[in-house]
Each structure stands twice: as C-alpha cells, then as structure tokens.
Amino acid sequence: MPRISRRTLLTGLGAGALAAATGCTAARRPAPATADGPAGGASPSPTPVPSVTVNAATGPVVVPGAPMRVVVLDTDVLDSALTLGITPVGAALPARDTRYPEYWPTSRTAGIRLVGPAGSPDLPTVRALRPDLILSNQTRDGDRYEQLREIAPTVLTQTAGAPWKADFQLHAQALNREAAAAAFAGAYQKHAGQVAQALAAAKLSGRKVSLVRFVEGGGIRLFGRQSFPGTVLADAQVGRPDAQNVDQSDTEIPPDQLAKADGDLLLYATYGDPELSGANAALASPGWQALGAVKGHRAFPVDDQLWFQGIGYTGANYVLDELQRFLGA
C-alpha cells in the first residue's frame, strides 16, 4: 500500500478511536455556562468527573478524572498522550533531540513547552505549567518521584520500551481515555496482521531484519526482541538475525564485530551527532561495506525518533508502514 494511503488509513483509525473516547468524556463534562447561568437550564452544580485511582509502578495514585494540563517526561508518554487526543502542556525530550518527532504534524506539537531533557527535567519549569497530571517511568524519573508528586499526581510505569502496550493501557487509564485505547489497540493488531499477510503473500516472511542504532555516548547497538521496534517486527511475524533473535532489549558491539549487524534487510538510525556516535566511522568502514545487506543495497537509514523513540501505537503503526515498504510487499 502506498505510504500516503497508509497515513490516510491511520488518520481514519485515529479519528474513530478518538470519537470513542471523547464521546464518553464529553458526556461527563459540565455544559458551558451562559450569562444567565449554566447552559440549557442545567443544574447549577454539575456533577464533576470523579477522580480515578491507577496502579502505577510506585503503587496506587489518585489522579483527576479528566486531566487537562498534562506534562509528559519521556517519548513513550508523549506518543500515548498525543495518540489519545491530549496535547501535553509540557514535555521532555532525550538530551540529543532538539525537535519533537516529525511523525507528528507540527500542528500537534507546536504548543508543547519543552521542560528539559528526559531524565533531568527542569522542575521549576514543570511547576510553572501548573500540571494536573505528570506521566513518566521509573527508569527516567524514579529518583525524583517525590519531587514530582509534590507538583502534581505522578504516574510512573516501571520502564519504557518492550512493555509499551501494557504501559499504554495505564496511560489511558490515567488520562481517562480507556475506550480510545481499546480502539487503537485493536486497529494496530489488525494492521500488524495485514502486514504479516502481505509479507507472506509476497514470500517475504522468511527475511531477517536487522536493527542497528548508533548512539552518542552509547556505541553501536543491536536491538533484540525485547525492545519497542523488536516487538513491532514480531507482531508483523518478521524474522531476526541470530545475534538479535534474543530476549533482551539491545547489546553494544565493538566496531570489529559489525558482521553481527548483517541481515536480509538492515535498518539503522543515529541518535545524536553522527561523528560522536560512531555512525560516520562505521558506515565508511570495510566491515560495514562487507555486509551482505550493504552490498545488496538492502541497508537503509530510518528516523531514530520514530523507530527507536516512537514508543506507542501511533509510532508502531508508522513503523509497520515503513517496514512493509522497505521489504517491498
């Protein structure tokens, strides 16, 4: 399916899912007031949306029933909030990123205040935004949880990455968007099944896809099954090279072991500066040029903010879209 058609499809799926959520939410929100009092002669004391208790990684957390000013402190919760129709008032990005992910239109991200790097947000900036809910994970913000909860109710998952589907359900509960979450989860599973069927029909299911990331300060990393992109590839029933067909998130390899990065299809991304991450040196090296995927013109750069940081259902749908295109199905 052409890329534009897939994007159009995803937009339609998103609209349907959001309709499922906003219909429920709007029914519980008070009617707008007029000069003569509440609209339509409604009761002067409309029933407020009740608070919700969610079971976060830190234990039960009571959150507002209809949070409106949400701050997100990692890329997974950014995807969750935007997917569920809530534009955060503030967000943290990984330290080497200077822009919001481009798989989201700027109309969705233009009004979001940057509150500092993920893992080290500026707490006075967060406080100044007057959030009524903060979302993150313990890996990033477990050591400042007490400070965050003094600002607003704070919901942390244990980590980000491989458990993104379960984490999304917790985010949806905290955001009062559970109906939309169910719709998005179902649409994604259908999409993954369609991609798997297309690959099987094209006799491409046996192709092994390699995932490589050059990380400034973190070397050359091969991504296994227990990672966000690894789970998406598994949902599409795509195979992995032996070195990456492991139940872990990622492993760092030295430049002299680049042979482990080979695959029938090789997808690579760079986080940070291409020189400082080692990407430039690796791509120019004899070891890289000797890879079968490189010699066969089956090695392609991908967007790091989508493939490795787009941890959520919108990011995952676009990854499926690009995977099918790269494999030629």
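No experiment lies behind these values; they were computed from the predicted model shown. (Residues numbered from 1 in each chain as written. Predicted model: local features only at pLDDT ≥ 70, side-chain atom pairs only at ≥ 80, totals over all residues. Heavy atoms only, no water.)

Section: the pairing of strand β6 (residues 90-93)
Step number 1: The alternating pattern of β6 places G90 and A92 on one face and A91 and L93 on the opposite face, and all of these are buried.
Step number 2: Here strand β5 (residues 70-72) runs beside β6; their pairing, made up of two bridges, is parallel. Opposite V71, over in β6, you have G90 as the bridge partner.
Step number 3: The parallel pair β5 and β6 is bridged by helix α2 (residues 75-83), and the resulting crossover is right-handed.
Step number 4: Two strands pair when backbone bridges link them, and β6 and strand β7 (residues 113-117) are joined in this way by three bridges, in the parallel orientation. The partner of G90 across the bridge, within β7, is R113. (Buried < 20%, exposed > 50% of the residue type's maximum accessible area, 1.4 Å probe, protein only. Helix = DSSP H or I, 4+ residues; strand = E, 2+ residues; numbered from the N terminus. Pairing = 2+ DSSP bridges. Right-handed = clockwise from strand over helix to strand, strands pointing away.)

A word on the pairing of strand β4 (residues 59-63)
Remember that side chains alternate between the two faces of the sheet whenever the strand is regular.
Step number 1: Note: strand β3 (residues 52-56) against β4, five bridges, orientation antiparallel. Paired with A56 across the strands is G59, a residue of β4.

Some words on the packing of aromatic side chains
Step number 1: Taken as a whole and assessed by the stated rule, the structure comprises 12 aromatic pairs.
Step number 2: Pairing Y103 with Y318 gives two aromatic rings, centres 6.1 Å apart and planes at 70°, and the pair type is edge-to-face. You can see Y103 sitting in the loop between β6 and α3 (106-109) and its partner Y318 sitting in helix α14 (residues 313-327), a full 215 residues away along the chain.
Step number 3: The class for Y103 is buried, based on a relative accessible area of 7%.
Step number 4: By relative accessible area, which is 11% here, Y318 ends up buried.
Step number 5: Note on F214 and Y268: the rings are 6.4 Å apart at their centroids and 75° apart in plane angle, and the pair reads as edge-to-face. (Phe/Tyr/Trp six-rings, centres within 6.5 Å; stacked < 30°, edge-to-face > 60°.)

Function cannot be read off these values alone, since they describe shape.
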